[in-house]
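Chains, contacts and geometry: an overview
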Amino acid sequence: MVHVLSSRTLLTPTDPERSRTFYGEKLGLSVYREFGTGPERGTVYFLGGGFLEVSGRSETPPSPPVRLWLQVDDVTAAHKELDAKGVDVVRPPVKEPWGLIEMWITDPDGTRIALVEVPADHPMRYRPGI
């Protein structure tokens with residue numbers, strides 16, 4: 001059995017500085033740590049229970065199957081804030097048939113990011129016996 005102590009999602013952007021501006025300034029993610037020097041230095045951001053590392057440089061954007069899922073307290077407020085910052089909103093907030101309120105944005109390389117609000121009455125919030 002593999003005993004996982006920590007995990008992170010790794011993104012290798014086509015333009016590292018543009019991606020750091022997007023994740024750090026537009027999304028407002030807090031920095032966990034930074035390493036290396038120069039334009040391809042690494043930056044690791046907090047993602048709730050995980051981490052997102054943006055490091056290195058790639059000649060091509062990430063594969064379309066790579067997507068991020070970020071739970072937020074208020075997706076409507078996030079929509080207003082990100083729209084005002086010029087973030088590419090692919091789809092504004094919509095209550096899905098499965099009960100979550102989701103909106104979709106993209107990062108500068110086209111990586112799709114779901115911002116999700118879990119309503120108070122959703123089964124994901126229900127824990128029997130608690």
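Residues numbered from 1 in each chain as written. Predicted model: local features only at pLDDT ≥ 70, side-chain atom pairs only at ≥ 80, totals over all residues. Heavy atoms only, no water.

1. Observations concerning the pairing of strand β3 (residues 42–47)
With 5 of 6 residues buried, β3 is to be regarded as a mostly interior element. In this antiparallel pair of consecutive strands, strand β2 (residues 31–35) and β3, the connection spans 6 residues, and glycine 36 shows a positive phi of 80°. Relative to strand β4 (residues 50–54), β3 runs antiparallel, the two sharing 5 bridges. Bridge pairing links tyrosine 45 to leucine 52 in β4. Here β3 folds back onto β4 in antiparallel fashion, the turn holding 2 residues, of which glycine 48 has a positive phi close to 60°. (Buried < 20%, exposed > 50% of the residue type's maximum accessible area, 1.4 Å probe, protein only. Helix = DSSP H or I, 4+ residues; strand = E, 2+ residues; numbered from the N terminus. Pairing = 2+ DSSP bridges.)

2. A few points about the pattern of salt bridges
The full count for this structure, using the stated rule, is 7 salt bridges. Across the pair arginine 8 and glutamate 53 runs a salt bridge, and its minimum N-O distance is 2.7 Å. Of this pair, arginine 8 sits in the segment before β1 (9–11) while glutamate 53 sits in strand β4; the two residues are 45 residues apart in sequence, bridging distant segments of the chain. A relative accessible area of 33% places arginine 8 in the partly exposed class. A single network of salt bridges, built from pairs that share partners, joins Glu17, Arg20 and Arg41. (Salt bridge = Lys/Arg side-chain N within 4 Å of Asp/Glu carboxyl O.)

3. With respect to the sheet that holds strand β6 (residues 89–95)
Here 4 strands make up an open sheet; going across it, the order is β5-β8-β7-β6 and the pairing mixed. If you trace the sheet from one side to the other, it starts and ends with β5 (67–71) and β6, each paired once. With strand direction ignored, the average angle separating the axes of adjacent strands in the sheet is 15°. Two strands pair when backbone bridges link them, and strand β7 (residues 101–106) and strand β8 (residues 112–117) are joined in this way by 6 bridges, in the antiparallel orientation. In the sheet register, isoleucine 101 faces β8, and the bridge partner there is glutamate 117. Packed onto the sheet, helix α2 (residues 75–84) meets β6, β7 and β8 and runs at close to 160° relative to β6. (Axes fitted to C-alpha atoms, helices over the stretch in contact; angles between N-to-C directions. Contact = heavy atoms within 4.5 Å.)

4. Topic: the packing of aromatic side chains
Summed over all chains, the structure comprises 5 aromatic pairs. Site record: aromatic cluster; members linked through ring pairs are Phe22, Tyr23 and Tyr45. When the ring centre of tryptophan 104 is taken as reference, the NZ or CZ atom of arginine 112 above it lies at 4.6 Å. (Phe/Tyr/Trp six-rings, centres within 6.5 Å; stacked < 30°, edge-to-face > 60°. Lys NZ or Arg CZ within 6 Å of the ring centre and 35° of its normal.)

5. Notes on the environment of glycine 38
With respect to the helices and strands, glycine 38 occurs in the loop between β2 and β3. According to the relative accessible area criterion, glycine 38 is partly exposed, its value standing at 34%. The sequence separation of glycine 38 and proline 97 amounts to 59 residues, and the corresponding C-alpha distance is 46 Å.

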